[in-house]
Amino acid sequence: MNKIDFSEVYRMYYKRLFHISYSITRDLHLAEDVVQETFIKAMKKVETIEDETKVGAWLSVIATRTAIDFVRSERKKKAILMEQEMLEFLGKEMKQNVEDEVETGILVEELNCAIGKLTHEYRDVLMLKLGNGLKENEIASILDLKPSTVKTRIYRARKQLKLLFHKQLSA
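In this report, the structure presented in the accompanying data block is examined.

**Points about helix α2 (residues 28–44)**
And then number 1: Relative to the 24 Å expected for 17 residues at 1.5 Å per residue, α2 spans 25 Å between its end C-alpha atoms, a close match to the ideal helical length.
And then number 2: All buried positions along α2 are accounted for by Leu-30, Ala-31, Val-34, Val-35, Thr-38, Phe-39 and Ala-42.

Here it is as structure tokens:
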């Protein structure tokens, strides 16, 4: 059974094995590696094949299992290969509607205008809270205020902001 010419087998089955590997890995370079590894494994176990007419099927099984092993090892490396459906989903999620984007921009502009109309005490605490993501205690230490004063100012600033914002929208 060792009479198999691997250069001829390689030429005959390379494309088939590459397509199998690529369909599993979804990566050209990884598929190439899988095909090479498949032929290495086949050369080491050539004596186990009983029927030379089934070499293609035998190689296909080796390629399939090797590709699955490669994908598993890549996932363990945290370089997870994404399925085509996941890539398409992410692509759709990344495409924002232009109208929504424009509306959001206008809304942000109006909100900034309303914030600009607040008194500086309210504007300062609100910007530190919302703009910088600071907690009340951190804002209190920065502005040298009591935490309860900061909480009160944030509450009042939001209340005034709602009124100013609604006035701007209705105008």
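**Quick notes on the nonpolar core**
Side chains of nonpolar character tend, in soluble globular proteins, to be buried together.
And then number 1: Ile-4, Val-9, Leu-17, Phe-39, Val-55 and Leu-59 are the most contacted members of the largest nonpolar core, which has 17 residues in total.
And then number 2: Mapped by element, the contributors of at least two residues to this core are α1 (6–25), α2 and α3 (55–76).
And then number 3: It is α1 that provides the largest number of residues to this core, a total of six residues.
And then number 4: When near neighbours in sequence (up to four residues on either side) are disregarded, Leu-59 contacts Val-9, Tyr-13, Leu-17, Thr-38, Phe-39 and Ala-42.

**Some remarks on the side chain of Ser-21**
And then number 1: Inspection of the secondary structure assignment puts Ser-21 in helix α1.
And then number 2: At 2.8 Å, the side chain of Ser-21 and the backbone oxygen of Leu-17 are in polar contact.
And then number 3: Aside from chain neighbours lying at most four places away, what touches Ser-21 is Arg-26, Ala-31, Val-34, Val-35, Ala-63 and Ala-67.

Reading guide: rules and limits
- Residues numbered from 1 in each chain as written.
- Predicted model: local features only at pLDDT ≥ 70, side-chain atom pairs only at ≥ 80, totals over all residues.
- Heavy atoms only, no water.
- Helix = DSSP H or I, 4+ residues; strand = E, 2+ residues; numbered from the N terminus.
- Expected span 1.5 Å × (residues − 1).
- Buried < 20%, exposed > 50% of the residue type's maximum accessible area, 1.4 Å probe, protein only.
- Core = buried A, V, L, I, M, F, W, Y, C linked by side-chain atoms within 4.5 Å.
- Contact = heavy atoms within 4.5 Å.
- Polar contact = N/O pair within 3.5 Å; in protein donor to acceptor, adjacent residues only side chain to side chain.

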